[in-house]
Amino acid sequence: MKYFILFGPPGAGKGTQAAKLVEKFKFKHLSTGDLLREEIKNGTELGKKAKALIDKGSLVPDEVVEGMIASQFEKNTSVGGFLLDGFPRTTAQAEHLDAMLKARGEEVTSVISIMIPDEMVMERIRSRALIEGRADDANDEIIANRISTYHAKTEPVIEFYKAAGKYQEINGVGTIEEIFDKICGII
Ligand code: ADP
C-alpha cells in the first residue's frame, strides 16, 4: 500500500491539491481537519472537545488524531493508497504513524511538502474565510496562532522525514495546475 503525506503550512493548498490527486490516482484522502470538522458537525463528544481548541488555532491532542487515523486505516482495506493531509502535524504523531505502519508491515512512501511564505498564509486564509466561513479562519489573531503553532510544533516534522530520506519539497507559489503537475511528477 502507498502512503503519501501532503505537508505544508495552513493555507498552502493541501486540500485543493488533495481533491485533484484523489481524482487522478484514486487515493483515499484522509484529512484530519476534515475528519475533525465532521465530528464537530455531528456534535460528538470528541467534536465538542476539539472545537474549543481548533477555534483558537491550537492543535488537538495527538491521541485524538492518531485514533481517528487508525480507525480509517482499519475501515479502508481495499483502496489503492492513502493520501494523508494535515497528519502528522507533530513529531510525536510522525513517530506514532511509523509505529502504526510498521505493525502492518508497511511504511510511509513519501512526504510531499508544499511551501509558501507566512505572508501568503495570512493572505490566503483571509480570502478563504470569505468563502468557507471556518471559525478558525475568522480573524488575524487566530491565523497568527496557527502560523506560530505550525513553526513550533509542525515544522520539526520536516527534519524527521528528511532523516528518513522521504522528504520532498515543492514551491507552493504558482497556479493550482502548476503545483499539481509538480506533485504528480513526484508521485
Ligand atoms: P489547515 O489546512 O488550515 O492547516 P486543517 O483543516 O488541516 O487546517 O486543520 C484545522 C485544525 O484542526 C488545525 O488548526 C488543528 O486545530 C486541528 N488539526 C488538524 N489536524 C491535526 C493534527 N494532525 N493534530 C492536531 N490537530 C489537528
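Scroll up to find the structure this text is about.
Summarised in this report is the structure supplied together with it. (Residues numbered from 1 in each chain as written. Predicted model: local features only at pLDDT ≥ 70, side-chain atom pairs only at ≥ 80, totals over all residues. Heavy atoms only, no water.)

## Notes on the pattern of salt bridges
One pass over the structure, following the stated rule, counts 13 salt bridges. Arg134 serves as the salt-bridge partner of Asp136, at 3.0 Å between the closest nitrogen and oxygen. The residues Asp136 and Arg134 share a single accessibility class, namely buried. When the shortest N-O distance is used, the salt bridge between Arg146 and Asp136 registers 3.8 Å. Note that Arg146 is positioned in helix α7 (residues 140-154) and Asp136 in the loop between α6 (118-132) and α7, a separation of 10 residues in sequence. Overall, Arg146 belongs to the buried group, its relative accessible area being 10%. One continuous salt-bridge network, built from bridges that share partners, spans Arg128, Arg134, Asp136, Asp137 and Arg146. (Salt bridge = Lys/Arg side-chain N within 4 Å of Asp/Glu carboxyl O. Buried < 20%, exposed > 50% of the residue type's maximum accessible area, 1.4 Å probe, protein only. Helix = DSSP H or I, 4+ residues; strand = E, 2+ residues; numbered from the N terminus.)

## Details of the packing of helix α1 (residues 14-25) against helix α9 (residues 176-186)
Where α1 contacts α9, the axes come no closer than 10 Å and their chain directions differ by 55°. Here α1 lies oblique to α9, going by the angle between them. Considering only the axes of α1 and α9, their crossing is right-handed. Every residue of α9 that contacts α1 at Thr16, Gln17, Lys20, Leu21, Lys24 and Phe25 is listed here: Ile176, Glu177, Ile179, Phe180, Ile183 and Cys184. Tallied by class, residues from the contact of α1 with α9 come to seven nonpolar, two polar and three charged. (Axes fitted to C-alpha atoms, helices over the stretch in contact; angles between N-to-C directions. Parallel < 35°, antiparallel > 145°, perpendicular 65-115°, else oblique. Left-handed = near helix turned anticlockwise from the far one by under 90°. Contact = heavy atoms within 4.5 Å. Nonpolar A, V, L, I, M, F, W, Y, C, P; charged D, E, K, R; others polar.)

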